[in-house]
Amino acid sequence: MRITKEQLKSLIKNKLHRAGLKEDHAEIAADVLVFADERGIHSHGAMRVEYYAERIAKGGINTNPVFKIEKTGPCTAIFHGDGGNGHAAAKMAMDEAIKMAKENGVAIVGVRDISHSGAISYFTNQAAKEHVIGFSVCQSDPMVVPFGGAEPYYGTNPIAFAAPSNDEKMLSLDMATTVQAWGKILHARSKNESIPDTWAVDRNGEPTTNPFDVNALLPIAGPKGYGLAMTVDVLSGILLGLPFGNKVSSMYENLSEYRHLGQLHIVINPAFFTGLTQFKQDISTSMQDLNAIKPAPGFSKVLFPGENNDIVIAEYKEKGIEIVDEIYKYLISDTIHNNQYDHKNPFAK
Ligand code: NAI
């Protein structure tokens, strides 16, 4: 079914607040989740609400955290999340990073001890809207084999980048470092369909086409994606003194314990480099150049990164955001959660 952005945000905020999140944190979390749904990134939208509600209700997200920004240098800071809501902490940390980069040209803010923060382009787009470049990486639970390995070590460790243009459009890249999201495996299981042998491996580390045999996901482009996942883990885990690699907590285990995840925001102010006007002009030109490239067979147009999401936003604005019926029913119900996420992780022992 389809509902308006405002309706969806209000339903999500209400549910998370009733589960125990402070109202201002529930407001930000709802904003981040709707940001994902309105772009067609449904894997990180309303479908996550019941999981978050269960973790909040079980005590696995601090509902009264003391957020603290610790300045560690002229351009660096650590945002202490105190086990609190990841969306709120990552957004507030990005607000600080933007402020610092406007003054100093660049800012690096590490966000530590947070829960899952969702689709991380929310935070990089925050920067681009403020006329600076945003870059963000974060840890996620281990479910990806290192190149040549038969056991998971890294998470799907996403990378996001956004840059402002001459108008409201922006370049916005937001990608997991795996070939496919875990959700795609679950989808294939639910439909009893096979998967391409490039997505995942079984318990022996052999590529598999049977979604029920999947033991870990494959990184994008073999050793290159593996190296990117490593880079994300170093920047958002080791650099911040947090658990790293396969010691990162699982999303679906120990739902009554805080997660201590890390995220790193880097903000660069173009005004300190080529100049803001020149930078935005050149970004707009590169978008136009890309759109003007001759499309390959089977394609009608070359899109710049993030433009596919802009197309969905425009469609949903007109017709309403598409939401799975079951999710809508849950959102309008009195139920906080159905106790169904504990140990849902297929990699849990
Ligand atoms: P995806 O594969 O759907 O898209 C990756 C990138 O490709 C995007 O920037 C998208 O704009 C671009 N793209 C897609 N089609 C395009 C086209 N036709 N032309 C030009 N560009 C195109 O994204 P993925 O890897 O499935 O990630 C989905 C979301 O999951 C992201 O928002 C990510 O932040 C989130 N995520 C969050 C995690 C967390 O722990 N917080 C962990 C892993 C992913």
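Remember, it's a predicted structure, so these values are computed and weren't measured experimentally.

## Topic: the sheet that holds strand E6 (residues 159-164)
Okay, so step 1: Judged by pairing direction, the sheet is mixed, and its seven strands sit side by side in the order E2-E3-E4-E10-E5-E6-E7 without closing on themselves. Among the strands making up the open sheet, the edge pair consists of strand E2 (68-73) and strand E7 (170-175). Each adjacent strand pair in this sheet contributes to an overall mean axis angle of 15°, direction not counted.
Okay, so step 2: Two elements, E6 and E7, share six bridges in a ladder whose sense is antiparallel. Bridge pairing in E7 links alanine 163 to leucine 171.
Okay, so step 3: Relative to the sheet, helix H5 (residues 121-129) contacts strand E5 (133-138), E6, E7 and strand E10 (261-268), its axis offset from that of E6 by approximately 20°.

## Details of the packing of helix H1 (residues 5-19) against helix H2 (residues 23-38)
Two measures define how a pair of helices packs: the angle their axes make with one another and the distance between the axes.
Okay, so step 1: Here H1 crosses H2 at 135°, and the two axes come no closer than 8 Å. The orientation of H1 with respect to H2, classified from their angle, is oblique. The element H1 and its partner H2 pack so that their crossing is right-handed. Mapping the contact onto sequence places Lys5, Leu8, Lys9, Ile12, Lys13, Leu16 and His17 in H1 and Glu23, Ala26, Glu27, Ala29, Ala30, Asp31, Leu33, Val34, Asp37 and Glu38 in H2.
Okay, so step 2: When grouped by side-chain class, the residues that make up the contact of H1 with H2 number eight nonpolar, one polar and eight charged.

## Details of the domain arrangement of the protein
One frequently used descriptor of interface size is the decrease in accessible area upon assembly of the parts.
Okay, so step 1: Domain assignment breaks the protein into domain 1 (2-275 + 311-332) and domain 2 (278-305).
Okay, so step 2: Taking only C-alpha atoms, the centre of domain 1 and the centre of domain 2 are 27 Å apart.
Okay, so step 3: With 15 residues of domain 1 at the contact, the number on the domain 2 side is 11 residues.
Okay, so step 4: Taken together, both faces of the contact between domain 1 and domain 2 bury some 1100 Å²; the carbon and sulfur share is 68%.
Okay, so step 5: Among the residues of domain 1 in contact with domain 2, Ser165, Asn166 and Leu171 are the three that bury the most area, contributing 40% of the side total.
Okay, so step 6: Joining domain 1 to domain 2, the criterion identifies six residue pairs in polar contact (both at pLDDT 80 or more).
Okay, so step 7: Elements with a contribution of two residues or more to the side of domain 1 that touches domain 2: E6 and E7.
Okay, so step 8: A total of four residues in the side of domain 1 that touches domain 2 trace back to one element, the largest contributor, which is E7.

## Considering the environment of glycine 205
Okay, so step 1: Position of glycine 205 among the secondary structure elements: in the loop between strand E8 (200-201) and strand E9 (216-217).
Okay, so step 2: Residue classification places glycine 205 among the partly exposed positions, given a relative accessible area of 24%.
Okay, so step 3: On a C-alpha basis, the gap between glycine 205 and serine 10 in space is 44 Å, while along the polypeptide they are 195 residues apart.
Okay, so step 4: The residues contacting glycine 205, other than those within four sequence positions of it, are Gly149 and Ala150.

## Points about the environment of arginine 203
Okay, so step 1: Here arginine 203 shows up in the loop between E8 and E9.
Okay, so step 2: Under the relative-accessibility criterion, arginine 203 is labelled exposed at 64%.
Okay, so step 3: Residues arginine 203 and methionine 100 lie 103 residues apart in sequence; the distance between their C-alpha atoms is 47 Å.
Okay, so step 4: Within polar-contact distance, the side chain of arginine 203 engages the side chain of asparagine 215 at 3.4 Å.

## Here's the deal with the side chain of glutamine 139
Okay, so step 1: Residue position: glutamine 139 is located in the loop between E5 and E6.
Okay, so step 2: Engagement of the side chain of glutamine 139 in a polar contact is seen with the side chain of aspartate 233, the distance being 3.4 Å.
Okay, so step 3: The contacts of glutamine 139, once residues within four sequence positions are left out, are Asn157, Asp233, Ser236, Gly237, Leu242, Pro243, Phe244, Val248, His260, Leu261 and Gly262.

## Let's talk about helix H6 (residues 182-191)
An α-helical turn contains 3.6 residues, so any two residues separated by three or four positions project in the same direction.
Okay, so step 1: Taken as a whole, H6 has its buried residues at Trp182, Ile185 and Ala188. Seen end-on, H6 carries its buried residues on one side only, within an arc spanning 120°.
Okay, so step 2: Lining the buried residues of H6 we find E8 and E9.
Okay, so step 3: Once H6 ends, the next one or two residues include asparagine 192, with phi positive near 55°.

## Description of the site of the ligand
Okay, so step 1: The environment of the ligand is made up of 22 residues, and the closest members are His44, Gly118, Asp174, Ala176 and Asn308.
Okay, so step 2: Contact between the ligand and histidine 44: a nitrogen atom at 3.3 Å from a side-chain N or O atom of the residue.
Okay, so step 3: Within the contact set of the ligand, an oxygen atom lies 3.1 Å away from a backbone nitrogen or oxygen of glycine 306.
Okay, so step 4: Calculation on the ligand without its partners gives an accessible area of 860 Å², and the protein chains cover 72% of this total.
Okay, so step 5: Within the residue set of the shell around the ligand, elements represented by two or more residues are E7 and helix H9 (307-319).
Okay, so step 6: In terms of residue class, the shell around the ligand is made up of 11 nonpolar, 10 polar and one charged.
Okay, so step 7: Shared between two domains, the shell around the ligand takes at least three residues from each, and those domains are domain 1 (2-275 + 311-332) and domain 2 (278-305).

## Describing the environment of serine 10
Okay, so step 1: With respect to the helices and strands, the residue serine 10 is situated in helix H1.
Okay, so step 2: According to the relative accessible area criterion, serine 10 is partly exposed, its value standing at 45%.

Quick notes on the rules
Residues numbered from 1 in each chain as written. Predicted model: local features only at pLDDT ≥ 70, side-chain atom pairs only at ≥ 80, totals over all residues. Heavy atoms only, no water. Pairing = 2+ DSSP bridges. Helix = DSSP H or I, 4+ residues; strand = E, 2+ residues; numbered from the N terminus. Axes fitted to C-alpha atoms, helices over the stretch in contact; angles between N-to-C directions. Contact = heavy atoms within 4.5 Å. Parallel < 35°, antiparallel > 145°, perpendicular 65-115°, else oblique. Left-handed = near helix turned anticlockwise from the far one by under 90°. Nonpolar A, V, L, I, M, F, W, Y, C, P; charged D, E, K, R; others polar. Domains from an automatic or database assignment. Buried area = accessible area lost by both parts, 1.4 Å probe. Polar contact = N/O pair within 3.5 Å; in protein donor to acceptor, adjacent residues only side chain to side chain. Buried < 20%, exposed > 50% of the residue type's maximum accessible area, 1.4 Å probe, protein only. Arc of directions from axis to C-beta. Near = heavy atom within 4 Å. Areas by Shrake-Rupley, 256 points an atom, 1.4 Å probe, with all protein chains shown as cover.

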